[in-house]
Amino acid sequence: HAEDGYRLWLRYDAISNKSLAQSYRSAISQLVFPARNPVLDAAKKELRSGLKGLLQHQPAEVKTATGNALVIGMPQNNSLVAGAQFKTVLNGLGTDGYFIRSVATGGKNCLVIGANTDKGVLYGVFNLLRLLQTNKPIDHLNTADQPSVTYRILDHWDNLNRTVERGYAGFSIWNWHKLPEFIDPRYLDYARANASIGINGTVLNNVNANALSLTNQYLVKAAAIANALRPYGIRVYLSARFSAPIEIGGLKTADPLDPTVKKWWADKADEIYRLIPDFGGFLVKANSEGQPGPQSYGRNHADGANMLADAVAPHHGIVMWRAFVYDNNVPDDRAKQAYNEFKPLDGQFRSNVIIQVKNGAIDFQPREPFHPLFGAMPKTALMLELQITQEYLGFSTHLVYEAPLVKECLDADTYSAGKGSTVVKVLTGKMNPDLITGIAGVANIGTDMNWCGHPFAQANWYAFGRLAWNPAQTSTAIADDWLRMTFSNSQTFVADVKKFMLQSRENTVNYMTPLGLHHIMAATGHYGPGPWDNNLSRADWNPIYYHKADANGIGFDRTTQGSNAVGQYAPQVRDAFNNLAACPDIYLLWFHHLPWNYKMRSGETLWNELVDHYYRGVDSVRAMQQIWNRMGTYVDSERFTEVQQLMNIQLNEATRWRDACVQYFQTFSNMPIPAKYPRPLHP
Ligand code: GCU
């Protein structure tokens, strides 16, 4: 059973509905699929194994269809796809898009998957397999689909010694020691999984980068990974340590304006592209949390990013320069620093630089308002950085479906060019079509048998890819597909489990950081509660910096009277967050410091409502457990039991969070826990 978790959402078990399987078989009795390159071969192999598993059937391969057939190709290799009827649709599909159409020709029905490129074909094949896996009708298809952003990237925070920063699913999947000779079969399954959801890039190493990864010895290894992933349309990128010219180049400086430094990076880029002709480019964390960067030489982020951009530009590479910067120089409010450093540089970056901005201004909290940089740099390409790995969401023991968190950010209105200037419009180039576009997610993948540590954490990898491809999709629709592909097509199972998945993120907000609280996890580790922690060397690493609880109240005053972080948003957004009457409850203590007896919209005091959120959070974990306990008949016993056991951990942890936070904050509020709630279990 060990492979039950390993197979992710690409399971291809025989379809249990016999008549449905029969109707699929007769619709796909023949296959026309000329494949003469590695990408098309990969697509064909996937199709064959998918059909064999799902339908227990292999269609006859023919040159020209004589019966009901699946016809797959590009205009260059397939006369049907080259036909006039598909010209318009193909014109609109770009490089990665595809169409799937049912057409009747000469007394037979064909299902045509067409694309302009082999990658488009690959994505089309995976989509068809998904339709079969989720038991959808395929007889009247008319789909045209293409990604909304160009760069859809997984960031691995993997170190060369195979530890993973903020990784909770074993060690790094990259086996540097055995590379380049040994290609772990896992790399191929990794590539298949990514291609199935449209991910087309991977950054192999941690943003807190080791310069060794840029030495020839490691580049040869990276090239071997690139070769393994290429047939699945995935390009390799590397995190670059800004001081590498000193550490591995023997230079005295890494000053981005120094000619010897520029030449070192240009030569390094040439060397990389000789080994990896389609190398994607660099990801850079500079001048943040002690990492080196251009500011060490009196230069700014644009100087640093542009220097690297010039090195990779001749090879069509890009530079993803991170906006996650903060240090002790902004003692009043860490949330303001990225905006302060980057906003003045708008328009100064090369066209192959994209600034990678986290969804919120602090750090991947269970809930944050959208990052004020979105909308604030109209002349600069911005990409979204999400954290799929659950650093602040209970690691791989808490079931938290992240799609609703991502959607909350994507759908937020920046008002940067009036109402409707949503984050998603900024990201997809709708606000400025000249800019390159992308979305990145910090991977939750490791060597664990089931890849992600928790069977349901796989859903976050899956949802990330689906949303990067098409941010308009709903959390519900994505969960529905994932559950059917990963577990079962049973209506009862899908409906019940989907419901608790959709609720799961709110549960965690409730038992960890309700009403806009944030960063009150234990200061080292970020797992359990630690609102009392105050012993790390930097003020802004300590939870008490964020909740500011005292006898008068709780919350971080970021209003115009406080740190004025609200001033970094467009006026409409600023006013909404700044005014208590307008500020949504979910962000209340993010922006306001309020007395414990402050009267909430509900009529309750702030204290009572805070307590209520903590109790509700725990109750909903228990409710989730009760539903799961009924699902044993739909799931193999291994995954069923594993989820049960993990839910027990989650319930204990949620209870610990509740009891710790309620009792700690009570030392300031001096108000009673309302009698309707059970007493804390952990005094
Ligand atoms: C968080 C995380 C770090 C990481 C950093 C980053 O602060 O805890 O481990 O290095 O984000 O995004 O660079």
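In this report, we go over the structure that sits alongside the text. None of the values given here were measured: they were computed from a predicted structure.

1. What about the site of the ligand?
The full set close to the ligand counts 13 residues, and E165, K285, R322, K358 and E391 are the nearest of them. At 2.9 Å from an oxygen atom of the ligand is found a side-chain nitrogen or oxygen belonging to N208. Against a free-state accessible area of 310 Å², the protein chains account for coverage of 96% of the ligand. Of the residues contributing to the shell around the ligand, the split by class is three nonpolar, two polar and eight charged.

2. Thoughts on the packing of helix α16 (residues 491–512) against helix α20 (residues 606–629)
The N-to-C vectors of α16 and α20 enclose an angle of 155 degrees; their axes lie 8 Å apart at closest approach. Regarding the angle of α16 to α20, the classification is roughly antiparallel. The handedness of the crossing between α16 and α20 is left-handed. Contacts from F493, D496, V497, F500, S504, N507, N510, Y511 and M512 in α16 reach H613, Y614, G617, V618, S620, V621, M624, I627 and W628 in α20.

3. Some thoughts on helix α7 (residues 216–229)
Here α7 contains 14 residues, and its C-alpha end-to-end distance of 20 Å stays within 8% of the 20 Å for a straight helix at 1.5 Å per residue. Most of α7 sits inside the fold, with ten of its 14 residues counted as buried. Among the residues of α7, Y218, L219, K221, A222, A223, A224, I225, A226, A228 and L229 are the ones counted as buried. The secondary structure elements touched by the buried residues of α7 are α6 (185–196), β8 (201–203), β9 (235–239) and α9 (259–275).

4. So, the sheet that holds strand β12 (residues 353–358)
Around the barrel, which closes on itself, the eight strands sit in the order β7-β8-β9-β10-β11-β12-β13-β14 with parallel pairing between neighbours. Across this sheet, the average inter-strand angle for adjacent strands is 25 degrees, counted without regard to direction. Alignment of strand β7 (residues 151–155) against strand β14 (residues 438–442), held across five bridges, turns out to be parallel. Within the sheet, the bridge partner assigned to D155 lies in β14 and is V442.

5. A closer look at the sheet that holds strand β4 (residues 98–105)
Spatially, β2-β1-β3-β5-β4-β6 is the arrangement adopted by the six strands of the open sheet, whose pairing is mixed. With one partner strand each, in any of the chains shown, β2 (60–61) and β6 (142–145) form the two edges of the open sheet. Note that β4 and β6 share four bridges and pair antiparallel. Along β6, the bridge assignment pairs I100 with T143. Strands β3 (69–73), β4, β5 (108–115) and β6 of the sheet are contacted by helix α5 (residues 118–133), whose axis makes an angle of about 70 degrees with β4.

6. Some details on the packing of aromatic side chains
All chains considered together, the criterion is met by 44 aromatic pairs. With a centroid separation of 5.5 Å and an interplanar angle of 80 degrees, the aromatic rings of Y273 and F279 are classed as edge-to-face. F279 shares its class with Y273; the two are buried. Geometrically, the ring pair formed by F577 and F591 is stacked, given 4.4 Å between the ring centres and 20 degrees between the ring planes. Separated by 14 residues along the polypeptide, F577 in helix α18 (residues 571–578) and F591 in helix α19 (residues 588–591) bring together distant segments of the chain. Across this residue pair, the class does not change: F577 and F591 are buried. Aromatic ring contacts, followed pair by pair, group Y6, W9, W174, Y187, Y190, W451, W461 and Y462 into a single cluster.

7. A look at the pattern of salt bridges
This structure, assessed with the given rule, holds 38 salt bridges. Taking the shortest distance from any N to any O, the salt bridge between R11 and D4 comes out at 3.3 Å. Each member of the pair R11 and D4 is classed as buried. One salt bridge in this structure joins E391 and R166, with 3.2 Å as the shortest N-O distance. Of this pair, E391 sits in the loop between β13 (382–387) and α12 (403–410) while R166 sits in the loop between β7 and α6, and the two are 225 residues apart along the sequence. Take E391: its relative accessible area is 3%, and that puts it in the buried class. With a relative accessible area of 27%, R166 lands in the partly exposed category. Several salt bridges converge on common partners, so that one network encompasses D4, R7, R11 and D13.

8. Some remarks on the packing of α16 against helix α21 (residues 637–669)
Following both chains from N to C, one finds α16 and α21 inclined at 35 degrees, their axes separated by 9 Å at the closest point. When α16 is examined against α21, the residues F500, T508, Y511 and M512 are found in contact with a partner set consisting of M647, Q650, A654, W657, R658 and C661. Here the residues of the contact of α16 with α21 sort into seven nonpolar, two polar and one charged.

Reading the values: the criteria
Residues numbered from 1 in each chain as written. Predicted model: local features only at pLDDT ≥ 70, side-chain atom pairs only at ≥ 80, totals over all residues. Heavy atoms only, no water. Near = heavy atom within 4 Å. Polar contact = N/O pair within 3.5 Å; in protein donor to acceptor, adjacent residues only side chain to side chain. Areas by Shrake-Rupley, 256 points an atom, 1.4 Å probe, with all protein chains shown as cover. Nonpolar A, V, L, I, M, F, W, Y, C, P; charged D, E, K, R; others polar. Axes fitted to C-alpha atoms, helices over the stretch in contact; angles between N-to-C directions. Helix = DSSP H or I, 4+ residues; strand = E, 2+ residues; numbered from the N terminus. Parallel < 35°, antiparallel > 145°, perpendicular 65-115°, else oblique. Left-handed = near helix turned anticlockwise from the far one by under 90°. Contact = heavy atoms within 4.5 Å. Expected span 1.5 Å × (residues − 1). Buried < 20%, exposed > 50% of the residue type's maximum accessible area, 1.4 Å probe, protein only. Pairing = 2+ DSSP bridges. Phe/Tyr/Trp six-rings, centres within 6.5 Å; stacked < 30°, edge-to-face > 60°. Salt bridge = Lys/Arg side-chain N within 4 Å of Asp/Glu carboxyl O.

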